[in-house]
Amino acid sequence: MSGEGRGPGTFRLLPWTEPEGKACYVLGDGDGYVSRMADGVESVQLDIAADLLGHAADLLADRKVTGAELHFLAARLSESLRDVKRVAESRGLRLGAMAGADPNGDRPRHREPGIGDR
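### What to know about the environment of Ser78
By the element assignment, Ser78 lies in helix α2 (residues 67-98). Linking Ser78 and Ala49, residues 29 residues apart in sequence, is a C-alpha distance of 10.0 Å.

In structure tokens:
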């Protein structure tokens, strides 16, 4: 995902959380190192989701599947759905930022001072 259409003061929800589960954001124009890393992580997360969907179809078509196998699949699908939901939220927030809107009103309202702000 490129930084086109985003200003230097745009917050981006990152595809990972802090150890305590709190959301992580980066402030920038979308072209920095952290944004590029986030693009890569999102791509991997979406690829994993696609692979899991294929595996789920195969497993569900097998009449001899065990409860343990279904439980394992459900756990992985749940993890993947959480990741894909975060990607969708992040991209939705960025679309809203490009349009000048904040659909949820829950993005950070402050930024830490940079070197040039002191």
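Picking up where we left off.
### Side note on the confidence of the model for the protein
In the predicted model, the protein carries a mean pLDDT of 82, and the fraction of residues at 70 or more is 74%. Considering only residues more than four positions removed or in separate chains, one finds that residues 1-5, a stretch of pLDDT under 50, has 9 contacts. A low-confidence stretch, residues 109-118 stays under pLDDT 50, and its non-local contacts, those more than four residues away or across chains, total 5 contacts.

### As for the nonpolar core
Leu52, Ala56, Leu59, Val65 and Leu73 form the largest nonpolar core, which has 5 residues in total. Here Val65 is in contact with Leu59 and Leu70, once residues within four sequence places are set aside.

### Some words on the packing of aromatic side chains
Applying the stated criterion to the full structure yields 1 aromatic pair. It is Arg76 that lies over the ring of Phe72; its NZ or CZ is 4.5 Å from the centre.

### A look at the pattern of salt bridges
Counted according to the given criterion, the structure contains 7 salt bridges. Here Arg94 makes a salt bridge to Glu42, at a shortest N to O gap of 3.5 Å. Within this pair, whereas Arg94 is found in helix α2, its partner Glu42 is found in helix α1 (residues 33-61), the two being separated by 52 residues in sequence. Here the two residues Arg94 and Glu42 agree in accessibility, since each one is buried. Salt bridges sharing partners connect three or more residues here, namely Arg12, Asp39, Glu42, Arg91 and Arg94.

### Some details on the side chain of Asp39
Of note, Asp39 is situated in helix α1. A distance of 2.8 Å separates polar atoms of two side chains, one belonging to Asp39 and the other to Arg12.

### A short note on the environment of Leu13
In this structure, Leu13 sits in strand β1 (residues 10-17). Judged by its relative accessible area of 6%, Leu13 falls in the buried class. Sequence separation between Leu13 and Ala38 is 25 residues, and the spatial gap between their C-alpha atoms is 9.2 Å. In this structure Leu13 touches Ala23, Cys24, Tyr25, Arg86, Glu89, Ser90 and Leu93, once residues within four positions along its chain are discounted.

### Quick look at the pairing of strand β2 (residues 23-28)
The sheet contact formed by β1 and β2 spans 5 bridges and is antiparallel. What sits directly across from Thr10, in β2, is Gly28. Counted between consecutive antiparallel strands, the loop separating β1 from β2 contains 5 residues, among which Gly21 sits at a positive phi close to 95 degrees.

Analysis parameters
Residues numbered from 1 in each chain as written. Predicted model: local features only at pLDDT ≥ 70, side-chain atom pairs only at ≥ 80, totals over all residues. Heavy atoms only, no water. Helix = DSSP H or I, 4+ residues; strand = E, 2+ residues; numbered from the N terminus. pLDDT = per-residue confidence, 0-100. Contact = heavy atoms within 4.5 Å. Core = buried A, V, L, I, M, F, W, Y, C linked by side-chain atoms within 4.5 Å. Buried < 20%, exposed > 50% of the residue type's maximum accessible area, 1.4 Å probe, protein only. Phe/Tyr/Trp six-rings, centres within 6.5 Å; stacked < 30°, edge-to-face > 60°. Lys NZ or Arg CZ within 6 Å of the ring centre and 35° of its normal. Salt bridge = Lys/Arg side-chain N within 4 Å of Asp/Glu carboxyl O. Polar contact = N/O pair within 3.5 Å; in protein donor to acceptor, adjacent residues only side chain to side chain. Pairing = 2+ DSSP bridges.

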